[in-house]
Amino acid sequence: MSKIHLQIDGKDVEAERGKTVLEAAQSAGISIPTLCHHDKLEPFGGCRICIVEVEVGGRTKLVVSCVYNVEENLVVRTRTEKIDKIRKTLVELLLAHAPDSTQLQDLAAEYKADKNRFDKETSFCIHCGLCVRYCAEVKKKNAVGFVDRGIRKEIAFIPEIAAKECNNCKECFPLCPTSYLQAAFVLLEALSFPSTHSESRPEE
């Protein structure tokens, strides 16, 4: 496979054609923050935290690095004042939904985000889609999915499938950058799954 030559943060990098800027940066040991990316999953570009600045033919633009493919002689900047400002705002917005997320708190420290800038709308889910995509693309079970759309969009387990598949799997749990997924599953168990510990009492 042919190679592409580009520059990331002043470093000459070689990457395979078809690779994304994020993959090229990672292969070169250059860190770009992500929340919705996973090596086993198709690029999603949902969280936008991995935004970078690229220069093509003398023109500069902002792109989402996990879905933007490398180009010959591409110049990439992963940390600029504009990028940091955008990431800071994105983190602040996400913290309004998941203020206790360790990953978001780490990003807040990195980008000096104000944890109280936006009014709290605590849902504990930031719609990264990792659980949905992992269950569908890797496990092929589709036990969890997006419900509704827009501001009402939520992630929920499908009771009929989850009751059969999730107890012996739970591989998506560690992927969740917040506590939402585990809490949602515990609630589903309490409301929808028959108790695995209950035993029928003998007739008297």
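Scroll up for the structure.
Caption draft 1: Here's a closer look at the overall build of the chain. Looking only at helices and strands, the chain features six helices and seven strands. Secondary structure elements of the chain, listed N to C terminal, follow the sequence β-β-α-β-β-β-α-α-α-β-β-α-α. Relative to its 204 residues, the chain shows a buried fraction of 39%. In the chain, the share of contacts with a sequence separation of at least 24, taken over all contacts with a separation of at least 6, comes to 52%. Total accessible area computed for the chain in this model is approximately 12,300 Å², and 48% of it derives from carbon and sulfur atoms. Counting 28 positive and 30 negative side-chain charges, the chain places the centres of these two groups 4 Å from one another.

Caption draft 2: Molecular detail of helix α6 (residues 180-192). For α6, built from 13 residues, the straight-helix expectation of 18 Å at 1.5 Å per residue is met to within 8% by its first-to-last C-alpha distance of 18 Å. Listed as buried for α6 are Tyr180, Leu181, Ala184, Phe185 and Leu188. The arc that holds the buried residues of α6, viewed along the axis, is 125 degrees, so those residues lie on one side. Among the exposed residues of α6, those oriented more than 90 degrees off its buried face are Val186 and Ala190. Where α6 is buried, its residues touch α4 (130-137), β7 (154-157) and α5 (159-165).

Caption draft 3: Spatial organisation of the layout of surface pockets. One number sums up the size of the largest pocket: a volume of about 570 Å³. Residue lining of the largest pocket: 23 residues in total, with Leu94, His97, Cys125, Ile126 and His127 positioned closest to the centre. The set of elements that each furnish at least two residues to the lining of the largest pocket consists of α2 (81-95) and β7.

Caption draft 4: Fine view of the packing of α2 against helix α3 (residues 102-111). One way to put it is that α2 packs onto α3 with a least axis distance of 9 Å and a crossing angle of 145 degrees. The element α2 and its partner α3 pack so that their crossing is left-handed. Contacts from Asp84, Arg87, Lys88, Val91, Leu94 and Leu95 of α2 reach α3 at Leu104, Gln105, Leu107, Ala108 and Tyr111. Along the lines of polarity and charge, the residues of the contact of α2 with α3 split into seven nonpolar, one polar and three charged.

Caption draft 5: The arrangement of the pattern of salt bridges in detail. Applying the stated criterion across every chain, the model contains nine salt bridges. Among the salt bridges present, the one from Glu16 reaches Lys3, with a minimum N-O distance of 4.0 Å. Taken as a pair, Glu16 in strand β2 (residues 11-16) and Lys3 in strand β1 (residues 3-8) lie far apart in primary sequence, 13 residues in all. Overall, Glu16 belongs to the partly exposed group, its relative accessible area being 31%. One salt bridge in this structure joins Arg77 and Glu53, with 3.2 Å as the shortest N-O distance. Here Arg77 is found in strand β5 (residues 75-77), whereas its partner Glu53 is found in strand β3 (residues 51-56), with 24 residues between them in sequence.

Caption draft 6: Expanded view of the nonpolar core. Counting 22 residues, the largest nonpolar core has Leu6, Ile8 and Val76 as the members making the most contacts within it. When residues of this core are traced back to their parent elements, those giving at least two are β1, β2, α1 (21-27), β3 and β4 (59-64). For this core, the element with the most residues is α1, which contributes four residues. Those residues in contact with Leu6 that lie beyond four places of it in its chain are Lys11, Asp12, Val13, Ala15, Val70, Glu71, Leu74 and Val76.

Caption draft 7: Looking closely at unusual backbone geometry. Of note in this structure, Phe124 is not a glycine but carries a positive phi near 65 degrees. By the secondary structure assignment, Phe124 is in the loop between α3 and α4. With relative accessibility at 33%, the residue Phe124 sits in the partly exposed group. A positive phi angle, near 60 degrees, is found at Lys140, a position not held by glycine. Position of Lys140 among the secondary structure elements: in the loop between α4 and β6 (144-147).

Definitions and cut-offs
- Residues numbered from 1 in each chain as written.
- Predicted model: local features only at pLDDT ≥ 70, side-chain atom pairs only at ≥ 80, totals over all residues.
- Heavy atoms only, no water.
- Helix = DSSP H or I, 4+ residues; strand = E, 2+ residues; numbered from the N terminus.
- Buried < 20%, exposed > 50% of the residue type's maximum accessible area, 1.4 Å probe, protein only.
- Contact = heavy atoms within 4.5 Å.
- Areas by Shrake-Rupley, 256 points an atom, 1.4 Å probe, with all protein chains shown as cover.
- Lys, Arg positive; Asp, Glu negative; His and termini not counted.
- Charge placed at Lys NZ, Arg CZ, Asp CG, Glu CD.
- Expected span 1.5 Å × (residues − 1).
- Arc of directions from axis to C-beta.
- 1 Å grid on protein atoms, 1.4 Å probe; cavity = no way out; pocket = protein on both sides within 12 Å on 5 of 7 lines; lining within 4 Å.
- Points joined across faces, edges and corners; volume = space filled by probe spheres on them.
- Axes fitted to C-alpha atoms, helices over the stretch in contact; angles between N-to-C directions.
- Left-handed = near helix turned anticlockwise from the far one by under 90°.
- Nonpolar A, V, L, I, M, F, W, Y, C, P; charged D, E, K, R; others polar.
- Salt bridge = Lys/Arg side-chain N within 4 Å of Asp/Glu carboxyl O.
- Core = buried A, V, L, I, M, F, W, Y, C linked by side-chain atoms within 4.5 Å.

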